[in-house]
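Here is how the chains run, residue by residue.
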Amino acid sequence: MPVVTFLDYILGPLIVNPGYRKAFDDNYIDRISRYYTIIFLLFFNTYVVTEEYVGEPIYCWCPPEFTDNEVWYTENVCWVSNTYYIPFSKTIPPNYQVRKDESIDITYYQWVPLALFFMALLCYIPRFIWRYATAMAGLDLKKFCVIAKHFRDSSPEEREMRLRNMATYMDVWCTGINRYRAGFYAPVREKLSTYCSLGCGRHFGTFYISLMLFIRFLYFANAFGQLFFLNEFLGNKFYVYGYEVFQAFLEGKDWTMSPRFPRVTLCDLEFRQLSNVQRHTLQCVLPINLFNEKIFLTLWFWFLGLSILSLVNLCCTIAIFLIPSFNESFIKKYLNMLGVYGTPACSKKLAYKFTHRYLRQDGVYVLKELSANANTAILQELFGYIWECFLEREKRNEFVPVYRYMPANSSYREMSLLSFPNAPLSNRQGTPLIVSNGTLRHISEEDLDSEENGTETFV
């Protein structure tokens, strides 16, 4: 998108090296949530802090008999002890308790910098979880995207070498999936993951896509939850503030005089002199509310729009996760570009096997992210090398099988034939493993013939 590209160009150098930020492992809606939103919040935070602690955040109209020290004391007390708002159209009640009941307390202005910083911190939590989780995936997606992005500056020989290395690494990564777990309560965890889940995680070849589902749900929950946080922080039904401003603007009314951000407030002050207590009700000006009003109005519309975009982004990710045709069409596109789809060398059955039994959702997701960062020619060349790796494994029948759980009384032959169809046992280098007499080894023909289900354990 042109707008996002412009924001990348302008705001990119503010945090990290812009050359590194040219490669992304997420889409522009995610970047709006975890990057641009934080930039704007920190900018607003810096501006408010400057106004509060460098300038004069409050001015109070004091009686002429007050000395300069008393004026300074009065303004500081009114700043830290909150003020309240009563419209000029109403009379100020003489009773203090009635006055408090009929007025609107203004309690937020001291805490605006901390609130904005806390909101920026919440916006970064999903990204922190993503970076922490992907570090354990076995494939550094961000580094892959950076490498693919900078291939245009490489020589043809260097580019071919690096692309072949990337294809080899992806081949090992995609075929290194092992559904069998280890550690504490491994059988129980394995059964729970089979019968009580949708098949999410590295063991199912869906680590990246399931993690992205969770992260984008957090992005949506964060954007939508920020509106509730602002409502609790500012009070006075802030969740309808943007709607009221928009309605007043359409009707031609003055939308800047909102009781939520009053410029002129009241402050009750008590002076204690020995046993005598003097009470004063002073009229104070809060210049900072002139900026708070614009800041929080902007944030209301920003988080509302971000909530809608994040929800659409989440729904699209769910559709990609649940509907196989999205991945199949992506793979078919590049197989057509290679000129092999529909030929004897690439039947529809082989393309299906390449998509769902070799690459799986994780591999397709990585290729999609690479396509978003590199040009089509680079990805087509990488795709061709990955296709060659798959064909080599197909010839040796070494591609990762579609794992299924067999009943407890199933034979070794059924398990092996299910995992490695149409392949002689002598060529099955990836046959299931068993533990026999304390030794870990592959299944042999004798195991298949004897079917001694009680003496060995699959791992």
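Everything in this summary refers to the structure shown in the same document. (Residues numbered from 1 in each chain as written. Predicted model: local features only at pLDDT ≥ 70, side-chain atom pairs only at ≥ 80, totals over all residues. Heavy atoms only, no water.)

**A closer look at the overall build of the protein chain**
A count of helical and extended segments in the protein chain gives 16 helices and eight strands. In the protein chain, which comprises 459 residues, the proportion classed as buried is 44%. By sequence separation, contacts in the protein chain at least 24 residues apart represent 72% of the contacts at least 6 residues apart. By element, 62% of the accessible surface of the protein chain is carried by carbon and sulfur atoms, the whole surface being about 25,000 Å². (Helix = DSSP H or I, 4+ residues; strand = E, 2+ residues; numbered from the N terminus. Buried < 20%, exposed > 50% of the residue type's maximum accessible area, 1.4 Å probe, protein only. Contact = heavy atoms within 4.5 Å. Areas by Shrake-Rupley, 256 points an atom, 1.4 Å probe, with all protein chains shown as cover.)

**Quick notes on the packing of helix H9 (residues 207-234) against helix H13 (residues 348-373)**
For any two helices packed against each other, one specifies the inter-axial angle together with the distance between the axes. H13 packs onto H9 with a crossing angle of 70 degrees between their chain directions and a minimal axis gap of 6 Å. Judged by the inter-axis angle, H9 sits roughly perpendicular to H13. For the pair H9 and H13, contact is made by Phe207, Tyr208, Ile209 and Met212 and by Gln361, Asp362, Tyr365 and Val366, respectively. Looking at side-chain class alone, the contact of H9 with H13 contains six nonpolar, one polar and one charged residues. (Axes fitted to C-alpha atoms, helices over the stretch in contact; angles between N-to-C directions. Parallel < 35°, antiparallel > 145°, perpendicular 65-115°, else oblique. Nonpolar A, V, L, I, M, F, W, Y, C, P; charged D, E, K, R; others polar.)

**Structural notes on the nonpolar core**
One finds Tyr208, Leu367 and Leu370 to be the most contacted residues of the largest nonpolar core, which totals 53 residues. Sorting elements by how many residues they give to this core places H13 first, with 10 residues. Counting 47 residues, the second-largest nonpolar core is a separate cluster that includes Tyr35, Leu116, Ala120 and Ala223. (Core = buried A, V, L, I, M, F, W, Y, C linked by side-chain atoms within 4.5 Å.)

**Focus on helix H10 (residues 241-250)**
In an α-helix, one turn spans 3.6 residues; hence positions three or four apart end up facing the same way. When H10 is considered as a whole, its buried residues turn out to be Tyr241, Gly242, Val245 and Ala248. Along the long axis of H10, the arc covered by the buried residues comes to 130 degrees, so they all point the same way. Away from its buried face by more than 90 degrees, H10 exposes Tyr243 and Leu250. Considering only its buried residues, H10 is in contact with helix H11 (288-322). After H10 finishes, the residue Gly252 shows a positive phi value of roughly 80 degrees. (Arc of directions from axis to C-beta.)

**Regarding the packing of aromatic side chains**
Summed over the entire model, instances satisfying the criterion amount to 32 aromatic pairs. Relative to Tyr109, the ring of Trp79 lies with its centre 4.8 Å away and its plane at 45 degrees, an arrangement referred to as tilted. Taken together, the residues Trp79 in helix H3 (residues 68-80) and Tyr109 in the loop between strand S3 (104-106) and helix H5 (112-134) connect sequence positions 30 residues apart. No difference in accessibility class separates Trp79 from Tyr109, as the two residues are buried. Put simply, the rings of Trp79, Tyr108, Tyr109, Phe118, Phe229, Phe233, Phe238, Tyr241, Phe261 and Phe296 pair up and form one aromatic cluster. When the ring centre of Phe24 is taken as reference, the NZ or CZ atom of Arg31 above it lies at 3.9 Å. (Phe/Tyr/Trp six-rings, centres within 6.5 Å; stacked < 30°, edge-to-face > 60°. Lys NZ or Arg CZ within 6 Å of the ring centre and 35° of its normal.)

**Quick look at the packing of H9 against H11**
Look at H9 against H11: their axes get within 9 Å of each other, and the N-to-C directions meet at 155 degrees. Comparing their axes, H11 and H9 come out roughly antiparallel. You can see that H9 and H11 cross each other, and the crossing is left-handed. By residue class, the composition of the contact of H9 with H11 is 23 nonpolar, five polar and one charged. (Left-handed = near helix turned anticlockwise from the far one by under 90°.)

**Digging into the state of the cysteines**
In this structure the tally under the stated criterion is two disulfides. Linked covalently through their sulfurs, Cys60 and Cys284 form a disulfide whose S-S length is 2.2 Å. Here the S-S torsion is close to 100 degrees, and the disulfide linking Cys60 with Cys284 is therefore right-handed. Of this pair, Cys60 sits in strand S1 (residues 59-61) while Cys284 sits in strand S5 (residues 276-285); the two residues are 224 residues apart in sequence, bridging distant segments of the chain. One exposure class covers both Cys60 and Cys284, and it is buried. A sulfur-sulfur distance of 2.1 Å marks the disulfide that ties Cys78 to Cys267. (Disulfide = S-S within 2.5 Å.)

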